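Residue-level structural notes
Here are the chains, one letter per residue:
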Amino acid sequence: MWLNIKMVLEMTMQAERSRRVMNVEYRGYNRKGVNYDWKAKVDQYLPHHLLPIVTSILFEPLSGECSIEATSGRSMAWLSAAVSSGAPLVFVNIQSEQIVAKEKAHATGRDITWGRQPNDTTTIQTVQGIRLWFLPGVAEMPLEMKPNPRDTRFGMDIKRTEEGFICVHTVALGSPADRSGLWHLHQEAQANGKLVVISRLEGKSLMPSSTSSAGLVNCCDPNDIRETLASAIDRMESIRLHIMAWPGQTPPPADGAATSPASGWV
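Each residue is numbered by its place in its chain's sequence as written, counting from 1. This being a predicted model, a pLDDT of at least 70 is required before a residue's local features are given, and a value of 80 or more before pairs of side-chain atoms are given or counted; all residues contribute to the totals for chains, interfaces and linings. Note that the side-chain values use all heavy atoms of the structure and ignore hydrogens as well as water.

This part covers helix H7 (residues 222-234). Spanning 13 residues, H7 covers 18 Å between terminal C-alpha atoms, matching the ideal 18 Å at 1.5 Å per step. The contact definition used throughout considers only heavy atoms, calling two residues in contact when any of these lie within 4.5 Å. In this text, helices come from DSSP runs of H or I with a minimum length of four residues, and strands from runs of E with a minimum of two, each type numbered from the N-terminal end. Lining the buried residues of H7 we find strand E4 (139-145), strand E5 (156-160), strand E6 (166-171), strand E7 (198-201) and strand E11 (239-245). For the purposes of these results, a polar contact is taken to be a pair of N or O atoms within 3.5 Å, where, inside protein, one atom must be able to donate a hydrogen and its partner to accept one; residues adjacent in sequence count only when each atom of the pair is a side-chain atom. The N-terminus of H7 is capped by aspartate 221, whose side-chain oxygen sits 3.0 Å from the backbone nitrogen of asparagine 223. Methionine 236 sits one or two positions beyond H7 and adopts a positive phi of about 55°. Given the number of residues in a helix, its expected span is that number minus one, multiplied by 1.5 Å.

Take the environment of glutamine 190 next. Relative to the elements of secondary structure, glutamine 190 occurs in helix H6 (residues 182-191). Distance in space between the C-alpha atoms of glutamine 190 and glycine 86 is 9.3 Å, their sequence separation being 104 residues.

In this section: the pattern of salt bridges. When charged atoms on two side chains of opposite charge get close, those side chains can pair. A pair is scored as a salt bridge if a Lys or Arg side-chain nitrogen falls within 4 Å of a carboxyl oxygen belonging to Asp or Glu. Under the criterion given, the structure shown has 7 salt bridges. In this structure, the salt-bridge partner of aspartate 151 is arginine 179, at a minimum N-O distance of 2.7 Å. Linking aspartate 151 in the loop between E4 and E5 with arginine 179 in helix H5 (residues 176-179), this pair joins segments that are 28 residues apart in sequence.

The phi dihedral of glutamate 202 is positive, around 55°, even though this residue is not glycine. For glutamate 202, the location among the structural elements is in the loop between E7 and strand E8 (204-205). Exposed residues in this analysis have more than 50% of their type's maximum accessible area, buried residues have under 20%, and partly exposed residues fall in between, with area computed by a 1.4 Å probe over protein chains only. Taking the relative accessible area as the measure of exposure, glutamate 202 reaches 30% and is therefore partly exposed. The phi angle at methionine 236 is positive, at roughly 55°, despite the residue not being glycine. Counting through the fold element by element, methionine 236 comes out in the loop between H7 and E11.

Turning next to the packing of aromatic side chains. The criterion for an aromatic pair is that two Phe, Tyr or Trp rings (for Trp, the six-membered ring) have centres within 6.5 Å, with stacked assigned to planes under 30 degrees apart, edge-to-face to planes over 60 apart and tilted to the rest. All told, the structure shown has 5 aromatic pairs when counted by the stated rule. Each ring, one from tryptophan 78 and one from phenylalanine 134, has its centre 6.1 Å from the other, and the planes form 55°; the classification is tilted. With tryptophan 78 in helix H3 (residues 68-85) and phenylalanine 134 in strand E3 (residues 121-135), this pair connects stretches of sequence that are 56 residues apart. A relative accessible area of 0% places phenylalanine 134 in the buried class.

This part takes up the environment of isoleucine 68. Note on placement: isoleucine 68 falls in helix H3. Exposure remark for isoleucine 68: the relative accessible area of 29% places this residue in the partly exposed category. Spatially, the C-alpha atom of isoleucine 68 lies 9.6 Å from that of valine 127, the residues being 59 residues apart in sequence.

Let's shift gears to the nonpolar core. Side-chain atoms within 4.5 Å link the members of a nonpolar core, which is a set of buried Ala, Val, Leu, Ile, Met, Phe, Trp, Tyr and Cys residues. Within the largest apolar cluster, 27 residues are counted, with the highest numbers of intra-cluster contacts made by Met145, Met156, Leu182, Ile198, Ile225, Leu241 and Ile243. Counting residues per element, the ones that place at least two in this core are E4, E5, E6, H6, E7, H7 and E11. Among residues more than four places away in sequence, those in contact with leucine 182 are Leu143, Met145, Met156, Val168, Val171, Ala177, Val196, Leu241 and Ile243. Judged by nonpolar contacts, the second largest core, of 16 residues, contains Leu79, Leu89, Leu132 and Phe134.

Turning next to the sheet that holds E8. Strands are treated as partners if at least two bridges between them are detected by DSSP. What the 4 strands build is an open sheet, ordered E4-E11-E7-E8; its pairing is antiparallel. Every interior strand has two partners, whereas the edge strands, E4 and E8, have only one. A fitted line through C-alpha atoms serves as each axis, taken over the contacting stretch for helices, and the angle formed by two N-to-C directions is quoted from 0 to 180°. Across the sheet, H6 is in contact with E4 and E11; its angle to E4 comes to roughly 140°.

So, about H6. Residues spaced three or four apart along an α-helix point in a common direction, a consequence of the helix completing one turn every 3.6 residues. If you check which residues of H6 are buried, you get Leu182, Trp183, Leu185, His186, Glu188 and Ala189. Contacts from the buried residues of H6 go to E4, E5, E6, H5 and E11. Just downstream of H6 lies glycine 193, where phi reads positive at about 70°.

Written as structure tokens, this is what we have:
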């Protein structure tokens, strides 16, 4: 009898020790809050203090697109096409997201004819979309175009890619764009099959934000950007922009300006 009691006590103690070990493994070690200088880190590591480094685009399902797999596949096709065209995007993550769609139904003429009170109703419907997270290049390179009194334009022409990104198309030698280093970046990009993509202008994002159920890509209008540049040059104001950098990219020289013209450039 004593042997049985002793065995039961030993088994109970062993079970208690096992429970404590399992609880430690489940809960982890004790944790406590520590101070962190958020302001200093944000000031040091964010290219623009009010803007995030990671960005995203939201894909709504197309009309008749019933599976989340089809929408996610389409989002990855968009990313692959953008990278293949020369945009130095870096994939971060992909996730599903509920999108709320509202439809408003108006009262019909029949309701009014029969003396019914007109009543507009709103139908709320949710659909599953895909949010694709990416980095605008391995880094965002800040540049500033500073006009001289003799300058009549910044000397940079832009175009929009099929995926909705704004990139530098041409750079005029001796212009504010050239002096900022854009001519060197554009030359290097062409040699490496890349695009000089502008991620921000005056701190505002120029990147596409979403796609609609009709298949449209919601992105910036190049004409609005050209008007902003023209207005700034009329006032002799500098323009700050951020460029998507690609791996191994060479920084422009300190003075930025090209020393000799290249064939075919205006």
